[in-house]
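In case you want the letters, here they are:
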Amino acid sequence: MASVPMEHGLLLAGILFGLGFLGVLVRRNIVFMLMCVEIMLNAAALAFVAAGSRWAQPDGQVMFIFILTVAAAEVAVGLALVLQFYRGFRTVDMDAADRMRG
């Protein structure tokens, strides 16, 4: 069975991480920003799995499980914050957060 070279997996992970980072910087919608953070977490997980498969170690897959756990917690907390933000301001635009000074 042919495997994907580690360089290709790391290149794809780097591209995904860059796209996620660019999305966080450019977007103003909180939901899209959360999705871009998820893309960045998945890129890191892909890098761990690619490196783990290169050296035939299960460490990459263990880190992938930890990253999935963190991503699930981030989604739960992030969406709860977005719902509270929407209730208060009737928008999910990040620029409305400037009015939250108290």
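Residues numbered from 1 in each chain as written. Predicted model: local features only at pLDDT ≥ 70, side-chain atom pairs only at ≥ 80, totals over all residues. Heavy atoms only, no water.

Brief notes about unusual backbone geometry
Part 1 of the argument: The residue A56 is not glycine, and still its phi comes out positive at about 55°.
Part 2 of the argument: The residue A56 is located in the loop between α2 (30–54) and α3 (59–89) in this model.
Part 3 of the argument: Taking relative accessible area as the criterion, A56 reaches 65% and is therefore assigned exposed. (Helix = DSSP H or I, 4+ residues; strand = E, 2+ residues; numbered from the N terminus. Buried < 20%, exposed > 50% of the residue type's maximum accessible area, 1.4 Å probe, protein only.)

A few points about the environment of A97
Part 1 of the argument: Relative to the helices and strands, A97 is located in the segment after α3.
Part 2 of the argument: Between the C-alpha atoms of A97 and F85, which are twelve residues apart in sequence, the distance is 8.5 Å.

Observations regarding helix α1 (residues 6–26)
Because the α-helix completes a turn every 3.6 residues, residues three or four places apart line up on one side.
Part 1 of the argument: The end-to-end C-alpha distance of α1, which contains 21 residues, comes to 30 Å, matching closely the 30 Å that a straight helix rising 1.5 Å per residue would cover.
Part 2 of the argument: M6, G9, A13, G20 and G23 are the residues of α1 that are buried. Down the axis of α1, the smallest arc covering the buried residues is 120°, so these residues share one side. Of the exposed residues in α1, those oriented more than 90 degrees away from the buried face are E7, H8, L11, L19, L25 and V26. (Expected span 1.5 Å × (residues − 1). Arc of directions from axis to C-beta.)

A look at the packing of aromatic side chains
Part 1 of the argument: Applying the stated criterion across every chain, the model contains one aromatic pair.
Part 2 of the argument: Centroid distance F85 to F89: 5.0 Å. Interplanar angle 45°. Geometry classified as tilted. Of this pair, F85 and F89 are both found in helix α3, four residues apart, which corresponds to roughly one turn of the helix.
Part 3 of the argument: For F85, a relative accessible area of 9% translates into the label buried.
Part 4 of the argument: Since its relative accessible area comes to 27%, F89 is described here as partly exposed.
Part 5 of the argument: Over the face of the ring belonging to F32 we find R27, whose NZ or CZ atom lies 4.4 Å from the ring centre. (Phe/Tyr/Trp six-rings, centres within 6.5 Å; stacked < 30°, edge-to-face > 60°. Lys NZ or Arg CZ within 6 Å of the ring centre and 35° of its normal.)

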